[in-house]
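Inside the fold
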Amino acid sequence: MTQADEAQASGSQVTALRAIAPARSGNIFEETIECLLQIIRLGIIPPGQRFPPERELAEQLRVSRATLREAISELQTAGWVSVRRGRGGGTFVSSTPAGGWAPASASDAGANIGAEFSAMEVEDTLTWRRVIEMGVAEVAAGQDLTAPQRGQLAAAMDTSRQSSLAEYRRLDSQLHLTWAQVTGSPSLVRSMVESRTRANKLLERIPMIEPNLVHSHEQHQRIHNAILAGDADAARTAMAEHLDGTAALLRGFLAEP
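In short, a report on the structure. (Residues numbered from 1 in each chain as written. Predicted model: local features only at pLDDT ≥ 70, side-chain atom pairs only at ≥ 80, totals over all residues. Heavy atoms only, no water.)

Focus: the packing of aromatic side chains
Remark: the centre distance and the inter-plane angle together describe each pair of aromatic rings, the angle taken between the planes. Throughout the structure, instances matching the rule amount to 0 aromatic pairs. Lying across the ring of Phe92, Arg84 places its NZ or CZ 3.7 Å from the centre. (Phe/Tyr/Trp six-rings, centres within 6.5 Å; stacked < 30°, edge-to-face > 60°. Lys NZ or Arg CZ within 6 Å of the ring centre and 35° of its normal.)

Next up, the structure:
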């Protein structure tokens, strides 16, 4: 990736990074680590790519450089990031993060399915996601989108459509975050971040099913088209259909016998 490409990518990440900024509390260090892990797990900074420079990242997350440096050091020790010195250096997301947010295979995902989640937790997450993401689609469709925003939406859509099975969930999260970003509401972006974080914890426990991914791409396209057309009702309806499909899979795999 060239410096120009990195600069453009960094600019598109600013809204999402700021939305994940830690709350002002007595646990700023721990919350900074949590924020950095959300950035990695949601694919805001993809595997192998570099975080913005330390000063910029600290400003975007609204933390001190000392706190950020300490948090990055801990993530480096844990294997989530690597730090390279010298020309072309910086903090890079590990290509194979220690946490392994996506199962290596369907059989891996099938192990201990549902053991970590109660039926109430699953339903609460699905209800939260439905309210937030349907609202995001409706608000996004109601915006007077600029040419750069339309380009951002098209790029996210194309990237998601071309994703491999291994990359699908990361790029799916990026697409949903892009829809939230064009609403112009930092609060909705933060809500989308939480929605995706909670949903992905469930999705990690079920296998990747290729026909479902094909169906999801088709649904994404309908949501995308409705947003670009400014049709809020159609965007909301298309998002509801998309979420209902995912919810059916999650209930099927994670429901208690």
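The rest of the description comes next.
So, unusual backbone geometry
Although it is not a glycine, Arg62 sits at a positive phi angle of roughly 60°. Structurally, Arg62 is set in the loop between helix H3 (54-61) and helix H4 (65-78). Taking relative accessible area as the criterion, Arg62 reaches 45% and is therefore assigned partly exposed. (Helix = DSSP H or I, 4+ residues; strand = E, 2+ residues; numbered from the N terminus. Buried < 20%, exposed > 50% of the residue type's maximum accessible area, 1.4 Å probe, protein only.)

Points about helix H7 (residues 147-161)
Spanning 15 residues, H7 covers 21 Å between terminal C-alpha atoms, matching the ideal 21 Å at 1.5 Å per step. Every buried residue of H7 is accounted for by Leu153, Ala156, Met157 and Ser160. Viewed along the axis of H7, the buried residues span an arc of 100°, placing them on a single side of the element. Residues Ala147 and Pro148 are exposed on H7 and point more than 90 degrees away from its buried face. (Expected span 1.5 Å × (residues − 1). Arc of directions from axis to C-beta.)

Quick word on the pairing of strand S1 (residues 81-84)
As paired elements, S1 and strand S2 (residues 90-93) share 4 bridges and run antiparallel to each other. Following the sheet pairing, Val81 is matched in S2 by Val93. Linking S1 back to S2 in an antiparallel pair, the connection comprises 5 residues, with Gly86 at a positive phi of about 80°. (Pairing = 2+ DSSP bridges.)

Considering the nonpolar core
Of all hydrophobic cores here, the largest spans 45 residues; its most connected members are Leu36, Phe51, Leu68, Trp179 and Ile227. The dominant element in this core, judged by the number of residues it contributes, is helix H6 (residues 119-141), at 6 residues. Contact partners of Trp179, with chain neighbours within four places excluded, come to Val136, Ala140, Leu153, His220, Ile223, His224, Ile227 and Met239. Judged by nonpolar contacts, the second largest core, of 9 residues, contains Val122, Leu202, Leu203 and Leu254. (Core = buried A, V, L, I, M, F, W, Y, C linked by side-chain atoms within 4.5 Å. Contact = heavy atoms within 4.5 Å.)

What to know about the pattern of salt bridges
When the charged atoms of two side chains lie near each other, side chains of opposite charge can form a pair. By the definition in use, this model includes 12 salt bridges. Between Arg251 and Glu123 there is a salt bridge, and its shortest N-O distance comes to 2.7 Å. Within this pair, whereas Arg251 is found in helix H11 (residues 232-254), its partner Glu123 is found in helix H6, the two being separated by 128 residues in sequence. According to the relative accessible area criterion, Glu123 is partly exposed, its value standing at 33%. For Arg196, the salt bridge is made with Asp172, and the minimal N-O distance between the two is 2.7 Å. Of the two residues, Arg196 sits in helix H9 (residues 186-203) while Asp172 sits in helix H8 (residues 168-181), which places them 24 residues apart along the sequence. The same class applies to Arg196 as to Asp172, namely buried. (Salt bridge = Lys/Arg side-chain N within 4 Å of Asp/Glu carboxyl O.)

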